[in-house]
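Geometric and topological summary
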Amino acid sequence: MKTWMGADTPMSAVITVTAAVAVALLAVLGVGSWYADDLDFLIHGTEGFSARALLTPVNDHVAPGLRFAYAVLAMGGLPSYGVTIVGRLIMWAMAVVLMAGLARRIVDRPWAGPVAAVLYGFSVLALPSTASLSSAVNNLPSHVLILVALHATLDWFAGRRWWRLIVVAVALVVAMAFWELSALMVLTAAGLVMYRYGPAALFRTRRGWVYIGVVAVAGLSFTALYLSATATTGGDWPGLSDLAGVVAHTFARIVLPAFVGGPWRWIAPPPQWLGLANPPWWVTLLGGAFAAVLCLAALRRRPSVAWLWAALLLHTVMASVVLAFGRFAGFGDLMTRHHHYWSALAVPFTLVVVASVAAAWPADHPRWARRLVAGAAVVWTIGTVVSWATFAVPWSHNPSGTYLATLRLETAAPGVNLWDTRPPLDVMPYISDHRSVVSLARLMGNDPASMVGTSDPVLADDAGKLQLAGLRAWGTVKVPPDCEVNLRGETSQRLRIAGSPPDGEWFIRIGYLATSDSTVDVHVDGAGPDGRPATIGTGGPRQWDGGVGRVNLRVDTVSTPRTISITSSTPNAQICIGDITVGQPEPLR
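For the structure given in this document, a descriptive report is provided here.

About the thresholds
Residues numbered from 1 in each chain as written. Predicted model: local features only at pLDDT ≥ 70, side-chain atom pairs only at ≥ 80, totals over all residues. Heavy atoms only, no water. Salt bridge = Lys/Arg side-chain N within 4 Å of Asp/Glu carboxyl O. Buried < 20%, exposed > 50% of the residue type's maximum accessible area, 1.4 Å probe, protein only. Helix = DSSP H or I, 4+ residues; strand = E, 2+ residues; numbered from the N terminus. Disulfide = S-S within 2.5 Å. Pairing = 2+ DSSP bridges.

**Regarding the pattern of salt bridges**
The final tally for this structure, using the stated rule, is 10 salt bridges. The salt bridge involving arginine 52 is made with glutamate 47; its shortest N-O contact spans 3.2 Å. When its relative accessible area of 58% is taken as the criterion, arginine 52 is described as exposed. Taking the relative accessible area as the measure of exposure, glutamate 47 reaches 36% and is therefore partly exposed. Here arginine 554 ties to aspartate 420 by a salt bridge, and the two come within 4.0 Å at their closest N and O atoms. Taken together, the positions of arginine 554 in strand β13 (residues 547-554) and aspartate 420 in the loop between β3 (417-418) and α21 (437-443) put the pair 134 residues apart, joining distant regions of the chain. Judged by relative accessible area, which is 16%, arginine 554 ranks as buried. By relative accessible area, which is 11% here, aspartate 420 ends up buried. Through salt bridges with shared partners, a single network forms among Arg105, Asp155 and Arg164.

Dropping the structure here:
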């Protein structure tokens with residue numbers, strides 16, 4: 001680490017900056033709470049450390065590092081939100097110190113380290129990756145590992161020993177396990193090598209080709225795992241004009257405003273408490289003008305800085321193309337507003353700015369140059385403060401902390417029997433895979449029953465409070481008496497639902513009489529979430545206890561049910577089916 005920091009780096013200044021960053025981050029993180037994906041991934045984390053659990057795709061990509069981290073966090077139930085804040089502060093402080101050392105290694109100016117610490121530590125590019133725990137678990141380990149890999153890369157090309165290559169390879173693979181776009185680190189690494197040592201060091205030396213080979217093997221190894229685990233996912237490429245729009249919007253909304261501390265303004269319509277970039281047009285123009293002046297002035301005095309600018313531009317373009325695959329059809333160009341996807345850009349961005357300022361700075365330090373730099377610093381500082389403050393406002397409105405505290409208290413008593421409804425959309429939106437009130441209560445250490453038929457379940461309302469509830473019927477199956485509808489052995493019955501329930505989230509109540517315990521599975525047939533015909537389950541096979549009873553089931557996804565199929569897998573089953581209700585739980589008036 002001492003070599004990585006540089007002998008004359010003013011460490012007191014770097015430490016002071018890092019402490020200031022921690023205080024600012026604490027002010028932002030402290031006003032928020034759990035975000036949708038945080039809860040979704042924690043519930044998944046309770047499934048443990050099996051290969052199946054770790055390789056379950058996160059939306060449309062594979063992140064075993066993220067899955068592993070959430071499995072650790074979920075070992076003791078819902079962790080303390082304050083503990084996660086401390087972990088994020090420590091991780092970001094490590095990244096800031098590593099960035100300060102890296103900037104000092106490539107720029108021969110004592111001020112390079114502290115300036116890089118300020119630009120990187122307070123970077124709005126990376127801010128949302130610390131506010132949301134799920135985004136932080138994706139990105140912050142990747143930041144640290146990318147910076148470690150970049151340091152080891154410079155060590156290797158400086159003639160140091162082979163174990164640096166192992167560090168590069170391991171850091172790259174593990175970083176990709178948290179966030180696959182960490183692979184674009186190779187662009188920044190190549191830019192650094194060519195800026196520092198020239199293109200020949202990378203392409204005309206044995207060390208250069210060995211480095212390229214090791215990085216290629218490491219990257220392709222994880223890519224093979226990634227593709228094997230996402231064989232059934234993926235998406236459609238947008239058209240060329242759409243793709244060009246995604247790239248252009250990324251520069252206009254993310255990259256160019258960052259040069260003046262942007263975006264300055266966010267949009268966060270509920271339940272989107274995490275702000276989306278919405279820079280005013282003049283912020284984009286001002287950032288573009290500053291970037292153009294800085295780039296041209298730096299190239300005039302040191303042409304090799306072009307390699308760092310090329311790394312930043314290529315990273316932006318390639319990330320835009322990759323993200324557009326599978327995302328554009330469903331979300332349009334939303335990713336061009338969401339800073340989660342662009343957190344890693346803070347690394348090449350900081351290096352570009354520090355190296356360009358050092359290259360453009362006149363040797364005699366004239367007054368006009370000092371005033372120009374001071375003016376740019378003031379604009380960037382104002383923009384950063386405005387961006388942080390306006391981001392914190394919607395983030396502070398996140399209601400999940402209050403909801404979870406109420407739900408924990410309400411479900412703590414023994415014997416609670418809950419309708420397993422979905423949490424409110426402002427806590428867990430539709431895209432969450434594990435939207436389940438019962439799962440949330442169990443994550444917090446309580447043990448409510450889930451829709452047990454021996455008593456009437458209670459309903460958790462949108463505030464987390466429990467209310468007496470009944471099942472309001474939208475559709476029914478009236479079964480003739482005298483056991484005319486029955487299951488004998490391994491058989492099945494398919495029944496039509498009267499009432500034609502509309503598209504929605506449905507629950508089913510079935511009365512029955514069984515001579516012994518039996519295993520039964522229930523499906524509904526109708527239209528799925530996309531409107532196409534589908535067969536939809538109700539949580540899989542379960543045991544029906546012998547005697548007179550009833551079961552309450554939740555249909556797995558939004559549907560328009562038309563028929564219901566009941567299947568026994570017990571050879572000696574003797575089950576008489578009673579009346580069936582399809583409906584939704586409602587509070588009793």
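**Some words on the state of the cysteines**
A complete count under the given rule lists one disulfide for this structure. Each sulfur in the disulfide pair cysteine 483 and cysteine 576 lies 1.9 Å from the other. One disulfide, between cysteine 483 and cysteine 576, carries an S-S torsion of -95 degrees and so falls in the left-handed class. Highlighted residues: cysteine 483 in the loop between β6 (466-477) and β7 (486-488) and cysteine 576 in strand β15 (residues 574-587), separated in sequence by 93 residues. Assessed through its relative accessible area of 22%, cysteine 483 is described here as partly exposed.

**Structural notes on the pairing of β6**
For strand β5 (residues 458-460) and β6, the ladder comprises three bridges, and the chain directions are antiparallel. Its bridge partner lying in β6, leucine 459 is registered against glutamine 467. Where β5 hands over to β6, the hairpin turn is made up of five residues, of which glycine 464 adopts a positive phi near 90 degrees. Looking at chain direction, β6 and β15 are connected through eight bridges and run antiparallel. Within β15, the residue paired with threonine 476 across the bridge is threonine 581.

So, to be careful, I would describe these as geometric facts and stop short of saying anything about function.
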